[in-house]
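Chain by chain, the residues:
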Amino acid sequence: MNVLVVLIPISLILGGFGLAAFLWAVKSDQFDDAQGNAARILLDDE
Amino acid sequence: MTAACPACIGATGPAEFAASNAPDAMQFSLPTIHCTACIGKIERGLASQNGVQSVRVNLSLKRLTITGPVQSDAIISAVKSLGFEIYPLDAATLANTTDKAGRNLLIRMAVAGFAMMNVMLLSVAVWSGASDATRDFFHLISAAIALPTVAYSAQPFFQNALSALRKGGLNMDVPISLAIILAAGMSLFETLNGGEHAYFDAAVSLTFFLLIGRYLDHQTRSAARSAAKELTALESHTADRIRNGVAQTVQLSEVAVDDIIAVPAGTRVPVDGVLLSEAALMDRSFLTGESAAVHLNQGSEIQAGEVNLAGPLQIRATAVGEDTTLRRMAELVELAESGRNGYTALADRAAAIYAPAVHLLALVAFLAWWVIGGDVRHALNIAIAVLIITCPCALGLAVPAVTTAAISRLFNAGFLVKHATALERLAEVNYVVFDKTGTLTKPAVHVPENLTKTERAVALGLAQVSHHPMSRALVEQLQTQSPAPLEDITEVVGQGVQGRYLGQEVQLGRGQWLGASFSGLGMRIGDASPIQFEAPETLRTGVREALSELCLPAEVVTGDATEPAQSFAKRIGLKITANARPTDKLERISALEAEGKRVLMVGDGLNDTAALASAHASIAPALALEASRSASDVVILKDNFTALPMVLRVAKATQDLSKQNFAIAAAYNMIAIPIALAGAATPLAAALAMSISSITVLLNSQRMRSVK
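What you see is a predicted model; the values in this text were computed from it and never measured.

(A) Up close: the overall build of chain B. A tally of helices and strands in chain B yields 25 helices and 27 strands. In chain B, which comprises 708 residues, the proportion classed as buried is 44%. Sequence-distant contacts in chain B: of pairs separated by 6 or more residues, those separated by 24 or more amount to 67%.

So this is what it looks like as structure tokens:
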């Protein structure tokens, strides 16, 4: 059970990274044109 | 870029940011774009234009942003030649479009989602048999994650509940807040006392699921708001004022009575005034519904909203701002609209039944278990289980999930839904009233088949310079031709256009002016006898298909004269009322509503505005006047009516799916409530009931995609 002392903080920190990445994405306007971004990946001339 | 010191980096950063948002960024609306190819075509096509620095298409908003020293007219013609509809937007009106509230909700949702995943992870360990010290330890960690999350993420619910309670009422947020706070508080107490059950996962996932619903709801509302803003931006808010012989573009609010205003050809008159130029030809169809252009002489009164069809003219302002005819009409609209605000949305009606019922149920459970069992703590636990398990999240998602799907479905088909309850009202419609001029019909000109190539080229050359609706229609007919090179082109107000072609005098205009025997539109080249163009009003594309598919009784009410109205009625096979003034239209709608009919009004002119606002639901085309668009629930962005019946089908489907969702939520409750009342609901059961019911509701809403 001692392994929990390591594993739980690790899982929280990893989750925290995910949350931080999401907040960064929201703040840098990456959710402003979801449809456009989905379509842009198919453009081959950029 | 290199900076000499760290402070300089800090100093240049914001300045650069401001530059990229400078007012020279132009915005356009592109209602017909729908796919990757459209983005590529427009961005590639415009990037090669002179002066364009950056070009970006936003597919979600169907909007185009351009920066660089380039004229907006050049952009408009370039995009039109690529085959897309384009409308310029006023950047100043759109300036503050960043949606702070939406972002705020999204961040709260992300935090709740993060907390839910971690708490669930710990809860799964507890459910699968962790006991004693391990269980208490896991509960404590859950508490450390869940309590701050609830305090931050659930704030929107707490605020709404508080404001409802202050007014002495109950809304959906009161039971939600109560469930979240009680679940978190009771679980903390249980954890500290080594209790077996903790509901941290329930408190956090409740917050998460409900925030999804709240975010979807916000998205639909803000889409409506930004659509309204976009439409306002289409209208010009400036006027060309002439002082000491110098023309200056000023804000409409700065124009004073007795100012001299210049009105360029083809634009709308910004204020009420008196004509100073010798003569003018005005299109009043927006104000009166009459399709024929009106010929005015010096000294005649001109009302704001009329369109100048001939050469540039000058007026002296007699009424500005709130006093103009246009504004007074808008006030009439606001008055008519206040009646509509009394409409209670389906979700609110559900909340009115749900909120008191669930409180009562929880209270009864608490009292009964307290009296019978004598254990306050156990009784409170059961009451909380009841509050959590009654699935407020499925109920909270039921309507927003469906409306969001429906609105994006309609947006892709070229319809803007502006009002939150519009779809519900549209679903109840059982009678349709149409306006004629500008809505069902548009002016068209029939080009005789035996016209020579030269004659066609001359006609196009002449028609191109005029803003008269007939000339516009003629240009549309002759699109494939190249115009003849003409000299000395002048527009004779109220008569037509004349010029010189290879030394011959050429004219396009009224029959009498050409010296012909007919009175309609004609053309004369040199001394040849005049050629007549027949000008029947044509139906807008898709009107016939739409009417045959509607399957609802319909009629036409128009401000046009009796004779053209009757011939139109024969062609289309609908009952028609001619010579209707704005008040007549309003009365007709009221009369129909008094008969118990739910009327859908479709119209574009200012003369329809009051009727649009008072009808049960209303639809206006994108080119309608600002007042008409703001009075209507749905705006058609395309120049095509074929999809009109689809709006009604989507509205009906929205209502059906919302009701189905409520039924699903109710069914879950019927199973879950007895279990909770019996005291058999564990945190695991609560979590399962909540997740499954929410996901079922969300999936059911996606069936909207299959509505055709």
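Still to come is the rest of the account.
(B) Examining the sheet that holds strand β3 (residues 63-67) of chain B more closely. All names here are of chain B. Across the sheet, which stays open at both edges, the four strands sit in the order β2-β3-β1-β4 with antiparallel pairing between neighbours. This sheet does not close on itself; its edge strands, each paired only once, are β2 (54-58) and β4 (87-89). Adjacent strand axes in the sheet meet at a mean angle of 25° when their direction is disregarded. In this structure, strand β1 (residues 26-29) lies alongside β4, joined through three bridges in antiparallel fashion. Note that in β4 the partner of Ser-29 across the bridge is Tyr-87. Each of β2 and β3 is contacted by helix α2 (residues 36-47), which is oriented at about 165° to β2, the strand it contacts most. In the packing of helix α3 (residues 72-81) onto the sheet, the strands contacted are β1, β3 and β4, and the crossing angle to β1 comes to about 30°.

(C) Region of the structure containing the interface of chain B and chain A. Taken residue by residue, the interface counts 20 residues in chain B and 20 residues in chain A. Those elements that provide at least two residues to the side of chain B that touches chain A are α2, β2, α5 (100-127) and α6 (132-153) of chain B. The greatest single-element share of the side of chain B that touches chain A, amounting to nine residues, is contributed by α5(B). Partitioning the side of chain B that touches chain A into residue classes produces 12 nonpolar, six polar and two charged.

(D) Focus on the pairing of strand β26 (residues 617-621) of chain B. All names here are of chain B. Among the five residues of β26, five are classified as buried, and the element is accordingly described as predominantly covered. Neither face of β26 is open: one carries Ala-617, Ile-619 and Pro-621, the other Ser-618 and Ala-620, and all of them are buried. As paired strands, strand β25 (residues 599-602) and β26 are joined by three bridges and run parallel to one another. Residue Val-602 lies in a different strand from β26, and its bridge partner there is Ile-619. Summarising the sheet, β26 and strand β27 (residues 634-636) pair through three bridges and their orientation is parallel.

(E) The sheet that holds strand β24 (residues 575-577) of chain B, seen in detail. Residue and element names in this part refer to chain B. Ordered in space as β14-β27-β26-β25-β15-β23-β24, the seven strands form an open sheet in which the pairing is mixed. Edge positions in the open sheet fall to β14 (415-417) and β24, since each of these has one partner strand only. Neighbour to neighbour, the strand axes of the sheet diverge by 20° on average, direction disregarded. Across three bridges, strand β23 (residues 554-557) lies against β24 in parallel orientation. Looking across to β24, one finds that Glu-555 is bridged to Lys-575. Packing of helix α21 (residues 582-594) onto the sheet brings it into contact with β15 (431-434), β23, β24 and β25, and relative to β25 it is tilted by some 160°.

(F) Highlighting the nonpolar core. Residues and elements named next belong to chain B. Ranked by internal contacts, the top residues of the largest apolar core, which has 136 residues, are Ala-203, Val-386 and Ile-388. Considering each element in turn, this core owes the most residues, 15 residues, to helix α24 (residues 644-677). Residues from two domains meet in this core; each of domain 2 (100-227 + 349-404 + 652-706) and domain 4 (415-441 + 539-642) gives at least three.

(G) Region of interest: the confidence of the model for chain B. Residues and elements named next belong to chain B. In this model, chain B carries an average pLDDT of 79, and 86% of its residues clear a pLDDT of 70 or more. No element of chain B has a lower mean pLDDT than helix α1 (residues 6-20), at 37, and none a higher one than α6, at 91. pLDDT under 50 marks residues 1-23. Its contacts with residues more than four places away, or in other chains, come to four contacts. Here the predicted complex carries an ipTM of 0.82, next to a pTM of 0.70.

(H) View of the packing of helix α7 (residues 155-166) of chain B against helix α8 (residues 173-192) of chain B. All names here are of chain B. One way to put it is that α7 packs onto α8 with a least axis distance of 8 Å and a crossing angle of 125°. One way to sum up the angle between α7 and α8 is to call them oblique. Between α7 and α8 lies a crossing of left-handed hand. Between α7 and α8, the contacting residues are Phe-157, Phe-158, Asn-160, Ala-161, Ala-164 and Leu-165 on the first element and Asp-173, Val-174, Ile-176, Ser-177 and Ile-180 on the second.

(I) Representation of unusual backbone geometry within the structure. All names here are of chain B. Even without being glycine, Asp-258 reaches a positive phi, approximately 80°. Note that Asp-258 resides in the loop between β6 (246-251) and β7 (260-263). Of the residues examined, Asp-258 has 11 C-beta atoms within 10 Å and is grouped as exposed. Despite not being glycine, Cys-551 has its phi angle at roughly 60°, a positive value. The topology assignment puts Cys-551 in the loop between α19 (543-550) and β23.

About the thresholds
Residues numbered from 1 in each chain as written. Chains lettered and ligands numbered in written order. Predicted model: local features only at pLDDT ≥ 70, side-chain atom pairs only at ≥ 80, totals over all residues. Helix = DSSP H or I, 4+ residues; strand = E, 2+ residues; numbered from the N terminus. Buried ≥ 20, exposed ≤ 12 C-beta atoms within 10 Å, placed from the backbone. Contact = placed C-beta atoms within 7 Å. Pairing = 2+ DSSP bridges. Axes fitted to C-alpha atoms, helices over the stretch in contact; angles between N-to-C directions. Nonpolar A, V, L, I, M, F, W, Y, C, P; charged D, E, K, R; others polar. Core = buried A, V, L, I, M, F, W, Y, C linked by C-beta atoms within 7 Å. Domains from an automatic or database assignment. pLDDT = per-residue confidence, 0-100. Parallel < 35°, antiparallel > 145°, perpendicular 65-115°, else oblique. Left-handed = near helix turned anticlockwise from the far one by under 90°.

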